[in-house]
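Commentary on secondary and tertiary structure
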Amino acid sequence: MTLSPQMVGKLDHLANVRGVSRSEAIRVSLELGVPLLNLGIALNGQRALTILEHTQLALSLLVERQYPEDSDELIRAAMRNVREHHA
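My aim in this report is to walk through the structure given alongside it, one point at a time. (Residues numbered from 1 in each chain as written. Predicted model: local features only at pLDDT ≥ 70, side-chain atom pairs only at ≥ 80, totals over all residues. Heavy atoms only, no water.)

**Section: the overall build of the chain**
Counting its regular elements, the chain contains four helices and zero strands. Taken from N to C terminus, the helices and strands of the chain fall in the order α-α-α-α. Its C-alpha radius of gyration of 18 Å places the chain more than 25% over the 12 Å reference for a compact globule of 87 residues. For the chain, the spread of C-alpha atoms along the principal axes amounts to about 55 × 25 × 20 Å. For the chain, with 87 residues in total, the buried portion stands at 7%. (Helix = DSSP H or I, 4+ residues; strand = E, 2+ residues; numbered from the N terminus. Rg over C-alpha atoms; globule rule 2.2 N^0.38 Å. Buried < 20%, exposed > 50% of the residue type's maximum accessible area, 1.4 Å probe, protein only.)

Okay, here's the thing in structure tokens:
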């Protein structure tokens, strides 16, 4: 298999940003991409991240305004879940 110079550049950039080897960047890319492709899902990363960020900001604003006493605990719980499920 041969990759275009542009793709090699993208992989090298990803590896550099993450502080990993090119092989690790390829592995991560495949681990994320193959399951989506197997499901028949084409994902626009920019759009998906924008939706996630907007949803998070909107929900945070609602919680901070309506339930300010719970806001800090929700953030701690979210960070705990990230560590436990997405590390």
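**A short note on a nonpolar patch on the surface**
A cluster of nonpolar side chains, M1, L3 and M7, forms an exposed patch at the surface whose accessible area comes to about 360 Å². Tracing the backbone through its elements, the reader meets M1 in the segment before helix 1 (5-18). A relative accessible area of 93% places M1 in the exposed class. (Patch = residues over 30% accessible without salt bridge, like charges linked within 9 Å, V, L, I, M, F, W, Y side chains within 5 Å. Areas by Shrake-Rupley, 256 points an atom, 1.4 Å probe, with all protein chains shown as cover. Salt bridge = Lys/Arg side-chain N within 4 Å of Asp/Glu carboxyl O.)

**Considerations on the environment of H13**
Examined against the element boundaries, H13 turns out to sit in helix 1. Residue classification places H13 among the exposed residues on the basis of a relative accessible area of 53%. A sequence separation of twelve residues divides H13 from A25, and the C-alpha atoms of the two residues are 9.2 Å apart.

**Things to note about the layout of surface pockets**
Taken as a whole, the largest pocket encloses approximately 400 Å³ of empty space. Along the wall of the largest pocket there are 14 residues; nearest its centre are S29, L32, G33, L36 and L43. Listing elements by their share of the lining of the largest pocket, those giving two or more residues are helix 1, helix 2 (22-38) and helix 3 (45-66). It is helix 2 that contributes the most residues to the lining of the largest pocket, six residues altogether. In the lining of the largest pocket, the residues fall into ten nonpolar, three polar and one charged. (1 Å grid on protein atoms, 1.4 Å probe; cavity = no way out; pocket = protein on both sides within 12 Å on 5 of 7 lines; lining within 4 Å. Points joined across faces, edges and corners; volume = space filled by probe spheres on them. Nonpolar A, V, L, I, M, F, W, Y, C, P; charged D, E, K, R; others polar.)

**So, helix 1**
In a regular helix each residue adds 1.5 Å, so 14 residues correspond to 20 Å; helix 1 covers 20 Å between its end C-alpha atoms and thus fits that length. At the C-terminal side of helix 1, G19 shows a positive phi close to 70 degrees. (Expected span 1.5 Å × (residues − 1).)

**Points about the pattern of salt bridges**
Applying the stated rule across the entire model yields four salt bridges. A salt bridge links R22 to D12; the shortest N-O distance between them is 2.6 Å. Note that R22 is positioned in helix 2 and D12 in helix 1, a separation of ten residues in sequence. Judged by relative accessible area, which is 30%, D12 ranks as partly exposed. Residues R27 and E24 are paired through a salt bridge, measuring 2.4 Å at the closest nitrogen-oxygen approach.

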